[in-house]
Each structure stands twice: as C-alpha cells, then as structure tokens.
Amino acid sequence: MPFENLTPDRFNLFQRIWYSIFPGTYYGNADRQRYRRLFNSLLLHFRPKVVPRRTLKFTLTWGLGGMAVVLLGMLFVTGLMLKFAYQPVPDQAYASIVNLQNTVLFGRLIRNIHHWSGNALLLVVFLHFLRVFFTGAFQPPRQFNWVLGLVMFLLVLGSNFTGYLLPWDQLAFWAITICTGMLEYIPAIGVGLKKMISGGNEIGPATLSNFFAVHTAVIPACLVILMPFHFWRVRKSKGLVIPRTPQEDPADKGESVATIPNLIIRELAVAAVLIALIMVVSVVFNAPLEAKANPGLSPNPTKAPWYFAGLQELLLHFHPLFAVLLIPVVTAVALFFLPYIRYDADTAGVWFASLRGRRTAMVAAFVGLIITPPAIIADEFIVDVAAWMPGVPAVISNGLLPAALVLAAIIGFYGLMKRYYAANNNEAIQAVFVLLLMAFIILTITCIWFRGSGMALMWPG
Ligand code: HEM
Ligand code: HEM
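Residues numbered from 1 in each chain as written. Chains lettered and ligands numbered in written order. Predicted model: local features only at pLDDT ≥ 70, side-chain atom pairs only at ≥ 80, totals over all residues. Heavy atoms only, no water.

Which parts of the structure should I look at to understand the overall build of the chain?
Helix and strand counts for the chain stand at 17 helices and two strands. Dimensions of the chain, computed from the C-alpha atoms along their principal axes, are close to 100 × 65 × 40 Å. In the chain, which comprises 461 residues, the share counted as buried stands at 41%. Looking at the chain alone, contacts between residues at least 24 apart form 78% of all its contacts between residues at least 6 apart. Total accessible area on the chain stands at roughly 25,200 Å², and carbon and sulfur atoms take up 71% of it. With 34 positive and 20 negative side-chain charges, the chain shows a spacing of 9 Å between the two charge centroids. (Helix = DSSP H or I, 4+ residues; strand = E, 2+ residues; numbered from the N terminus. Buried < 20%, exposed > 50% of the residue type's maximum accessible area, 1.4 Å probe, protein only. Contact = heavy atoms within 4.5 Å. Areas by Shrake-Rupley, 256 points an atom, 1.4 Å probe, with all protein chains shown as cover. Lys, Arg positive; Asp, Glu negative; His and termini not counted. Charge placed at Lys NZ, Arg CZ, Asp CG, Glu CD.)

What follows is the structure, given as structure tokens:
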C-alpha cells in the first residue's frame, strides 16, 4: 500500500486525497486486518456467522432466491437508467423508446437487459416458490415467510404487468386492454376497479401515467421494504431447512461452516453466471417492439402477456365470474393458508415429503397431463352447454356446474390418494397441488402456442 511506514505530513497529493476519503487505509498491516474483520462483521449483520454445511448443497435451493435478488438488482439499475430516456405520455412514449434504441449509447442493450431480467425474474421466483413448496419449507417456523413470499410474487407479477404497457406499442396496448377488460366481469366492483386501474374508461394517458408511477415507484418501494423482512425471517427461522432423507432427524443440523467464504463464494458464482447469461441473451435477442399503439386497430388474436395466458385460456372455458374472480381468488386464498393447515408429518427439508410423496406427485402430474388436453378439446368441439340446457343462465350452466364438477374431481382425487396410496395429508395435498399445477401449465401453453385467429384452437406452424 502507498502509506506503508509514512506519516500523514509526508503524503504526496494522491495520498492526501486518498487519505481524506479512506483514512482507515493509512493503518499498517495488523490494523488493516482488524478493519477487514470489522467489514466482514458488518456483512455478517445481514448473514449468520456460520451456516450448516448441508444447506450449502446446490440442490437444496438451486440458487433461486439469490438469483431473484440479483435480477431485482439489475432491474433497479437498468430501470433507473431507462427513466432518463423514457417519456410516460402516449404521444411520446413510443418515440422515446425508438430514440433510446437508435441513438442512445447502449440504449438498446439496457432496454434488453431490463426486459429479459423482468421476464426471467418471474420464472425464477416461480421456481423458487416450487422449491420452497416441494421441500416443505413453508411448515413452522417458516409459515409467515411463505406469506411474505406470495406477496412479493404478486408484486413481481404487478411489476411485469405495469412495465408491459410502457413501450406503448400494439403488443402493449392490446394485451393490457384484454387484461383490464377481464376485470369488467367482476360483479358490483368490476367496472369501478377497471376505471380505477386505467384511470378512465379506456386505456389512455391516465393509464400510462398510473402504470408508470406504480411501476417505477410504488412496487419498487414495496419490494425494498419486504425483501429485508423476508431475509430477516430466514434468519429468525435459524437459516434454511436442512435437506434430509425422511429417516434423518430434522433436529440434526450436522456440522456448521463459516459463511465467509463458504456461502459468499457460492452466491457470487451463481450471480456471475446469471449476469453473464442475461448479458448474452440481451446481446443476441432484442426486446420486442411492434408498431406504435393504434386504439382503432386490434390485432387478431389479441393475447394477454404470457404469465396471464393461463387465465385467458380459463376464460374460454368458464363463465367470466368463475374464470376471472372465483377460481383465482379461491386458489390465492388456499395458497396463503397452505402453511397454516395442520399436517400429519414434519417434512421440512425432505424433497416431495417422502418416498411415497414422490410417487403420488408423479401420478398426479401424469393424471394432469393426460386429462387436461382432452378436456380442452372436448370443451372446444363437443360440449355445447347453451344448446344442451336452453333457458339455464350461463353463470350456472357454464360456471357453477363445471366448477362444481372440477371441485368434485379434486376432492375425489384427494380421497383416492389417501385410500389407494395410503397417503398422509402432506402427500395428498401435495398431489392435488401437482395436479392443478400441471393443468395450469397446460392451459398456459395452449393459450400461448395453440390459439390462433379468433382464439380458435390451431396447430402451430
Ligand atoms: C421488479 C422489478 C421490475 C420488473 C419486473 C420490471 C419489468 C419491466 C418490463 C417487463 C418492462 C417492459 C420492457 C419492454 O418489454 O419494453 C419494463 C419497462 C420499464 N421499466 Fe421496469 N421493471 C422493474 C423495475 C423497474 C424500476 C425499479 C424502474 C425505474 C425506477 C423501471 C423502469 C422502467 C421503465 C422506464 C420502462 C420503460 C422502458 C421500456 O419499456 O423499455 N422498472 N419494466
Ligand atoms: C421477489 C421474490 C423473492 C425473493 C427475492 C426471495 C428471496 C429469497 C432468498 C434469497 C432466500 C434464501 C435462499 C433460498 O432459499 O434460495 C429465500 C428463502 C425463502 N423464501 Fe423467498 N424470495 C422471493 C419469493 C418467495 C416466494 C414467492 C415464496 C413462497 C411463496 C418464498 C418463500 C420463501 C421461504 C419459505 C424461504 C425459506 C426457505 C428455507 O428455509 O429453506 N419466497 N427467499
């Protein structure tokens, strides 16, 4: 170091400036060691000093929570940069993006990074949610962290949704029109809710400025508050779940190792690979930008963003009251209460709850896979409830009746798992979760790839 064996009065100009910023660096070797320890212990305010070696296993977390943090960091940085070029008014929004892409140095790259990080975040958070579920990491004492996670998931969804409108191209305008239009189906409050979100009757200047404010201020602020809360809950639960086989004692944590360097080095490696990946994707693939929004010319088909495609597909099969309100709300409430159910066994740390749990999950995935596509096709081409039940209101024939049938099938499936496989309630609930997850994935894929003009079923190509 430039200060070795010197006193401040003998510093040169560079050393004096340096010393005015970092007085600590003047100290000798032993002192510097002390400072390094101090810095490390500062870092350890956010982290435990030691962590159980077994929780370092990559196949416990797959690095997913850490990836979400890195992606959020990238989104915040690139989002702030975008704010310098972007104009949140319909007349200028599209032009400001074109200008950003064509004339601002690295403008296109920054937009691409923001676009791909936003989409990747949604995927990563969803996978993190699945890993937490399938390792039983929502059981006591981690119940509330699951709830916090779900709220953050909704915020990430909201972030992607509000960001989608900002480029103000045809894709953005019509996708958001479709989504806000879905709200109108909610009885009593639907029309008011739609008006509140879009700031009027149509998607226009008020919608854009609302979405911009929510996207760049409200949601980031909520995330900044909730994230430390989420990490603090991990600390309070004495770290992550310990990965184990069903026979191993959950209380046996095994040996502990120092966080620095064991955990930190792994986190840095995951972050480096992820950042490199996003950079490569952002250099090779451009974020989409279609023609400027034209409220008079709707594309056919008009599709919602991919993360709402499952919901849009559901709307083709159920009365809107059920597709847009009851089914999503019941599902969300069930997810929020999931950790508070009384379970038969403590399965925290055991992938898929048990060996039997693995089998029942596989059966459920298989059943979902072979039942959903024929159900979609049958509803499209064979079932015509309006003709079969003339005079019966659509909300019953196309809502209550099919929803009751689906509910009965789910309850039947739960019972079957318990009886036929002698599953405990952890395993049976997990099987129902997998069944619904598979159905949801197939609905999403159908809407994205198998729906063409007029949203009719078609074979891609
Ligand atoms: C959870 C974090 C965030 C997510 C998931 C997210 C996602 C998105 C998405 C998907 C777009 C549309 C990009 C496109 O396809 O063109 C977008 C646009 C935009 N975002 Fe974000 N964003 C996040 C945070 C932020 C923050 C913190 C800011 C600024 C403070 C910001 C500012 C912007 C701006 C100015 C645009 C318009 C530029 C454009 O569309 O390319 N974002 N965001
Ligand atoms: C913005 C979204 C999120 C971020 C940034 C985030 C971040 C993290 C991180 C860094 C960890 C520790 C490491 C790891 O498990 O990978 C963690 C753990 C955890 N997260 Fe999240 N998370 C998010 C969303 C969620 C969601 C959607 C859920 C579930 C609904 C959830 C539930 C949990 C739980 C229960 C733990 C403790 C896991 C354990 O003890 O093994 N998080 N989260």
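Moving on from the coordinates now.
Which parts of the structure should I look at to understand the pattern of salt bridges?
Should the charged atoms of two oppositely charged side chains come close, the side chains can pair. Applying the stated criterion to the full structure yields seven salt bridges. As a salt-bridge pair, Glu 184 and Lys 194 come within 3.1 Å of each other at their nearest N and O atoms. One end of the pair, Glu 184, is in the loop between α8 (170–183) and α9 (190–198); the other, Lys 194, is in helix α9, and ten residues separate them in sequence. If you follow the salt bridges from partner to partner, you end up with Glu 313, Glu 380 and Arg 451 in one network. (Salt bridge = Lys/Arg side-chain N within 4 Å of Asp/Glu carboxyl O.)

Explain the site of ligand 1 here, please?
Taken together, 21 residues surround ligand 1, and among them Arg 111, His 114, His 115, Pro 167 and His 215 come closest. His 115 places a side-chain nitrogen or oxygen 2.6 Å from an oxygen atom of ligand 1. Residue His 215 places a side-chain N or O atom 2.8 Å away from a nitrogen atom belonging to ligand 1. Contributing elements (two or more residues each) for the shell around ligand 1: α4 (64–85), α6 (107–134), α7 (143–165) and α10 (205–236). No other element matches the six residues that α4 contributes to the shell around ligand 1. (Near = heavy atom within 4 Å. Polar contact = N/O pair within 3.5 Å; in protein donor to acceptor, adjacent residues only side chain to side chain.)

Even after reading the chapter, I still don't get the coordination of the iron atom of ligand 1, so can you show me in this structure?
Reference geometry at the metal: tetrahedral coordination by four donors gives ideal angles of 109.5 degrees; octahedral coordination by six donors gives 90 or 180 degrees. Coordination sphere of the iron atom of ligand 1, protein contribution only: His 114 (NE2) and His 215 (NE2), at 2.0 Å. The site at the iron atom of ligand 1 holds six donor atoms, and with the angles between them running 88 to 179 degrees, its shape is octahedral. In this pair, His 114 is assigned in helix α6 and His 215 in helix α10, connecting sequence segments 101 residues apart. Neither His 114 nor His 215 differs from the other in exposure class; each is buried. (Donors = N, O, S within 2.8 Å, 3.2 Å for Na, K, Ca; no water. Tetrahedral: all angles 85-135°; square planar, octahedral: opposite > 155°, others 65-115°.)

What should I look at first to understand the coordination of the iron atom of ligand 2 in this one?
Around the iron atom of ligand 2, the protein contributes the donor atoms His 128 (NE2) and His 230 (NE2), at 2.1 Å from the metal centre. Given six donor atoms and angles of 88 to 179 degrees at the metal, the environment of the iron atom of ligand 2 is assigned as octahedral. One end of the pair, His 128, is in helix α6; the other, His 230, is in helix α10, with 102 residues separating them in the sequence. You can call His 128 partly exposed: its relative accessible area is 21%.

Even after reading the chapter, I still don't get the site of ligand 2, so can you show me in this structure?
Close contacts around ligand 2 come from 26 residues, with Gly 65, His 128, Arg 131, Arg 142 and His 230 the closest. Note that an oxygen atom of ligand 2 is positioned 3.0 Å from one of the backbone N or O atoms of Gly 65. At a separation of 2.8 Å, a nitrogen atom of ligand 2 approaches a polar side-chain atom of His 230. For the shell around ligand 2, the elements supplying multiple residues, two or more each, are α4, α6, α7 and α10. The element contributing the most residues to the shell around ligand 2 is α7, with seven residues. Residues that form the shell around ligand 2 fall into these classes: 16 nonpolar, eight polar and two charged. (Nonpolar A, V, L, I, M, F, W, Y, C, P; charged D, E, K, R; others polar.)

Teacher, can you tell me more about helix α16 (residues 394–420) here?
Compared with the 39 Å implied by 1.5 Å per residue over 27 residues, the 37 Å span of α16 between its first and last C-alpha is a close match. Three or more residues of α16 are buried, namely Ser 397, Gly 399, Pro 402, Ala 403, Ile 410, Phe 413 and Met 417. The elements touched by buried residues of α16 are α13 (320–337), α14 (355–381), α15 (385–388) and α17 (425–449). Immediately downstream of α16, the backbone of Ala 422 shows phi near 50 degrees, a positive value. (Expected span 1.5 Å × (residues − 1).)

I tried to follow the packing of aromatic side chains on my own but got confused; where do I start?
We describe a pair of aromatic rings using the distance from one ring centre to the other and the angle between the two ring planes. A complete count under the given rule lists 29 aromatic pairs for this structure. Judged by centre distance (5.7 Å) and plane angle (65 degrees), the ring pair of Phe 58 and Trp 62 falls under edge-to-face. For Phe 58, a relative accessible area of 44% puts it in the partly exposed group. The class of Trp 62 is partly exposed, set by a relative accessible area of 38%. Relative to Phe 173, the ring of Trp 168 lies with its centre 5.5 Å away and its plane at 85 degrees, an arrangement referred to as edge-to-face. The exposure classification of Trp 168 matches that of Phe 173, with both residues buried. Put simply, the rings of Phe 126, Phe 129, Phe 133, Phe 134, Phe 138, Trp 146, Phe 153, Tyr 343, Trp 351, Phe 352 and Phe 433 pair up and form one aromatic cluster. (Phe/Tyr/Trp six-rings, centres within 6.5 Å; stacked < 30°, edge-to-face > 60°.)

Even after reading the chapter, I still don't get the environment of Met 389, so can you show me in this structure?
Looking at where Met 389 falls in the secondary structure, it is placed in the loop between α15 and α16. Once residues lying within four places of it in the same chain are set aside, the contact partners of Met 389 are Ser 397 and Leu 401.

I tried to follow the nonpolar core on my own but got confused; where do I start?
The nonpolar side chains of a soluble globular protein tend to be buried, and buried together. Ranked by internal contacts, the top residues of the largest apolar core, which has 44 residues, are Tyr 86, Leu 121, Phe 161, Leu 165, Trp 168, Leu 208 and Phe 308. When contributions to this core are tallied by element, the ones reaching two or more residues are α4, α5 (90–103), α6, α7, α8, α10 and α11 (259–284). When residues no more than four places from it in sequence are discounted, the contact partners of Phe 161 are Ile 176, Cys 179, Phe 211, Tyr 307 and Phe 308. Judged by nonpolar contacts, the second largest core, of 30 residues, contains Ala 361, Ala 423, Ile 429 and Val 434. (Core = buried A, V, L, I, M, F, W, Y, C linked by side-chain atoms within 4.5 Å.)

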